[in-house]
Amino acid sequence: MKIDLSNKKVIITGGSTGIGKEVVKLFAENDAKIAIFDVNNTEGIKLTNELNQNGHDIRYWNVDVRDSNQVSGGVLAAEQWLEGVDILINLAGILQGASLEIEDFPDEIWDSVVGINLTGSYLMVKHISSIMKKQKKGVIILTSSGAGVDGSSSSFAYGSSKGGVHGLSMVLMDKLSKYGIRVHDILPGSVDTPLKNSQIEKTRDITGNEAEYKNLKNILVEPKGIAEIILFMCSDNAHLLKGSIRTQ
Ligand SMILES: NC(=O)c1ccc[n+]([C@@H]2O[C@H](COP(=O)([O-])OP(=O)(O)OC[C@H]3O[C@@H](n4cnc5c(N)ncnc54)[C@H](O)[C@@H]3O)[C@@H](O)[C@H]2O)c1
């Protein structure tokens, strides 16, 4: 089976590092035209320049997904450059507050995590859905987590935000399918990225449990494997796919 993404216009949030970076690279290799939205300008611009030097078609925008004005401005500019938006992959996210007790949980961490992970997902879809509705087609991938649906999160805010993203994606699936828009959420397991490594290191520092840290480090999977699943989910080959996708 050959997956063809040529002429697909794609917005990827959180594309500077981790899973998002691998998605950007893989979609570029498959000839997609890509707008990256992120706040890590150093890594995002470096990736964009490297890919464009190899003949790909990528642009980077500094967009904080928590901020409605930045999201609407970014989407407007990216849509003009892309000449439409076929695919949104929303990977921007943070994990903070790992291994803290509920009574000690800082309210500002709660606000940042819920703001970026959940409100950011809502704002991205809010500003892109009217473009996709007009086109009568589109694919939207939101990023939840096992941590949001099975109670296993190391952080009260992270688990809650990802449960919210899962709920949001289900409502969107129900409400947007009549416009030809296919919505999924992906629930990655434990993936070797800056976000995950920082969480398991913080947990080790709080608990002092080196053996648990080593076990968790050993089971991390490569972000490229998650990018390959997202590539299929976004392709026309997956037009019959429905609902949530869980991975290792
Ligand atoms: N790594 C895992 O084990 C794992 C598991 C389940 C879900 N996830 C989810 O996958 C997604 C990607 O995470 P990752 O593991 O690749 O981590 P990562 O930290 O490498 O990537 C997250 C990206 O989001 C960007 N970002 C952070 N705040 C932002 C903001 N306000 N606006 C725009 N961009 C912002 C970061 O700069 C970074 O490039 C996240 O939503 C994360 O919650 C990761």
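This report concerns the structure included in the present document. Everything quoted here is computed from the prediction, not taken from an experiment. (Residues numbered from 1 in each chain as written. Predicted model: local features only at pLDDT ≥ 70, side-chain atom pairs only at ≥ 80, totals over all residues.)

1. Details of the nonpolar core
Counting 60 residues, the largest nonpolar core has Ile 34 and Ile 89 as the members making the most contacts within it. The element best represented in this core is helix H4 (residues 107-135), accounting for nine residues. For Ile 34, the contacting residues outside a window of four places in its chain are Val 10, Ile 12, Val 24, Phe 27, Ala 28 and Ile 58. (Core = buried A, V, L, I, M, F, W, Y, C linked by C-beta atoms within 7 Å. Buried ≥ 20, exposed ≤ 12 C-beta atoms within 10 Å, placed from the backbone. Helix = DSSP H or I, 4+ residues; strand = E, 2+ residues; numbered from the N terminus. Contact = placed C-beta atoms within 7 Å.)

2. Focus on the packing of helix H1 (residues 18-29) against helix H8 (residues 223-234)
At their nearest, the axes of H1 and H8 sit 8 Å apart, and the two run at 55° to each other. As summarised for this structure, H1 and H8 are arranged oblique, according to the angle between their axes. For the crossing formed where H1 meets H8, the hand is right-handed. Across the interface between the two elements, Gly 18, Ile 19, Glu 22, Val 23, Leu 26 and Phe 27 of H1 pack against Pro 223, Lys 224, Ile 226, Ala 227, Glu 228, Ile 230 and Leu 231 of H8. (Axes fitted to C-alpha atoms, helices over the stretch in contact; angles between N-to-C directions. Parallel < 35°, antiparallel > 145°, perpendicular 65-115°, else oblique. Left-handed = near helix turned anticlockwise from the far one by under 90°.)

3. Looking at the pairing of strand E2 (residues 33-38)
Every regular strand shows the same layout, with side chains that alternate between the two sheet faces. Burial within E2 is extensive, with six of its six residues counted as buried. Because side chains alternate across E2, one face comprises the buried residues Lys 33, Ala 35 and Phe 37, and the other comprises Ile 34, Ile 36 and Asp 38, equally buried. Handedness of the crossover is the feature at issue here: the chain leaves strand E1 (residues 9-13), passes through H1, returns alongside E2, and the resulting connection is right-handed. Here E2 pairs with strand E3 (residues 57-62) via six bridges, running parallel. Across the sheet, residue Ile 36 finds its bridge partner in E3, namely Tyr 60. (Right-handed = clockwise from strand over helix to strand, strands pointing away. Pairing = 2+ DSSP bridges.)

4. A few points about the site of the ligand
Taken together, 30 residues sit near the ligand, with Gly 14, Gly 18, Gly 93, Thr 193 and Leu 195 positioned nearest. Elements with a contribution of two residues or more to the shell around the ligand: H1, E2 and helix H6 (194-207). Looking at the shell around the ligand residue by residue, the class counts come to 14 nonpolar, twelve polar and four charged. (Near = placed C-beta within 6 Å. Nonpolar A, V, L, I, M, F, W, Y, C, P; charged D, E, K, R; others polar.)

5. Digging into helix H5 (residues 156-176)
Structural remark: α-helix, 3.6 residues per turn; residues separated by three or four positions point the same way. Over its 21 residues, H5 runs 30 Å from end to end, which matches the ideal 30 Å to within 8%, given 1.5 Å per residue. When we look at burial in H5, the residues that qualify are Ala 157, Tyr 158, Gly 159, Ser 161, Lys 162, Val 165, Ser 169 and Leu 172. Against the buried residues of H5 lie H4, strand E5 (138-143) and strand E6 (181-187). (Expected span 1.5 Å × (residues − 1).)

6. Regarding helix H2 (residues 41-53)
An ideal rise of 1.5 Å per residue puts 18 Å on 13 residues; H2 measures up with 18 Å between its terminal C-alpha atoms. Along H2, the positions that sit buried rather than exposed are Gly 44, Leu 47 and Thr 48. Along the axis of H2, the buried positions cluster into a sector of 100°, meaning they face one direction only. Facing away from the buried side of H2, by more than 90 degrees, are the exposed residues Thr 42, Asn 49 and Gln 53. Tucked inside the fold, the buried residues of H2 contact H1, E2 and E3. Following H2 by one or two positions, Gly 55 adopts a phi angle in the positive range, close to 90°. (Arc of directions from axis to C-beta.)

7. Points about the environment of Leu 195
The residue Leu 195 is located in helix H6 in this model. Here Leu 195 falls in the partly exposed class, since 16 other C-beta atoms lie within 10 Å of it. Ignoring anything within four residues of it in the chain, the contact list for Leu 195 reads Gly 18, Gly 93, Ile 94 and Leu 95.

8. Some points on the sheet that holds E6
Across the sheet, seven strands lie side by side as E3-E2-E1-E4-E5-E6-E7; this open sheet has parallel pairing. Either end of the sheet is taken by a strand with one partner, and the two such strands are E3 and strand E7 (245-246). Relative to E2, E1 is paired through five bridges, and the arrangement is parallel. Within the sheet, the bridge partner assigned to Ile 11 lies in E2 and is Ala 35. Contacts between H8 and the sheet are confined to strand E4 (87-90), E5, E6 and E7, with E5 contributing the most and set at about 150° to the helix.

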